[in-house]
Amino acid sequence: NGDDGARKILGYIYLNGEGVPPDYRRAVKWFRLGGYEGEIDMYVKPRLVAKGIDDCIIREMEKRERIRNKKKIVENSCRTEMEKKSLDWLLRQYN
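This report concerns the structure included in the present document. (Residues numbered from 1 in each chain as written. Predicted model: local features only at pLDDT ≥ 70, side-chain atom pairs only at ≥ 80, totals over all residues. Heavy atoms only, no water.)

## What to know about the side chain of E39
The following threshold applies: For the purposes of this entry, the term helix denotes a DSSP run of H or I that reaches at least four residues, the term strand denotes a run of E that reaches at least two, and both are numbered from the N terminus. The rule is simple: take the accessible area with a 1.4 Å probe, protein chains only, and divide by the maximum for that residue type; under 20% is buried, over 50% is exposed, in between is partly exposed. As used in this structure description, the phrase polar contact means that two N or O atoms lie within 3.5 Å; if the pair is within protein, one of them must be able to donate a hydrogen and the other to accept it, and residues adjacent in sequence are counted only when both atoms belong to side chains. The contact criterion used is simple: two residues touch if any of their non-hydrogen atoms lie within 4.5 Å.
Residue placement: E39 occurs in helix α3 (residues 37–50). You can call E39 buried: its relative accessible area is 13%. A distance of 3.0 Å separates polar atoms of two side chains, one belonging to E39 and the other to Y12. Beyond its immediate chain neighbours, meaning those up to four positions away, E39 contacts K8, Y12, F31 and V44.

Here it is, written out as structure tokens:
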């Protein structure tokens, strides 16, 4: 129930470090949530490449972000401590 325009603005805030330290991971997150994949390719990736971070590393960062998001969803639905421990073990296998 969010405003896609507001999500885009948050993406630019994190991208440019306006009032917060620049955080490209959060910028990507907000652009994605708002449906602005083009902003990622146009603005975020060139800045990462300029810092010496290649496309392979960017894809790995995105993969890890998806795993973190899945972990949050599953953690909220785990009913027992054993389920949480099993989830932690499984996620460590991918990190």
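## Thoughts on the nonpolar core
Note the threshold: By nonpolar core we mean a set of buried residues, namely Ala, Val, Leu, Ile, Met, Phe, Trp, Tyr and Cys, connected to one another through side-chain atoms within 4.5 Å.
Judged by nonpolar contacts, Y14, L15, Y24, A27, V28, F31, I40, V44 and L48 together constitute the single largest core of 9 residues. If you list the elements that add at least two residues to this core, you get α1 (4–16), α2 (24–33) and α3. At 4 residues, the largest contribution of residues to this core is made by α2. If we ignore the near neighbours within four places in the chain, the residues touching V44 are L15, Y24, A27, V28, F31 and E39.

## A look at α2
The test is simple: By construction, the arc corresponds to the directions joining the helix axis to the C-beta atoms.
Listing the buried residues of α2 in full gives Y24, A27, V28 and F31. End-on, the buried residues of α2 take up no more than an arc of 100°, which puts them together on one face. Along its buried surface, α2 packs onto α1 and α3. Of the residues that open α2, the one with a side-chain oxygen 3.1 Å from the backbone nitrogen of R25 is D23. Once α2 finishes, G35 follows within two positions and takes phi at roughly 80°, a positive value.

Distances and angles like these do not, on their own, reveal function.
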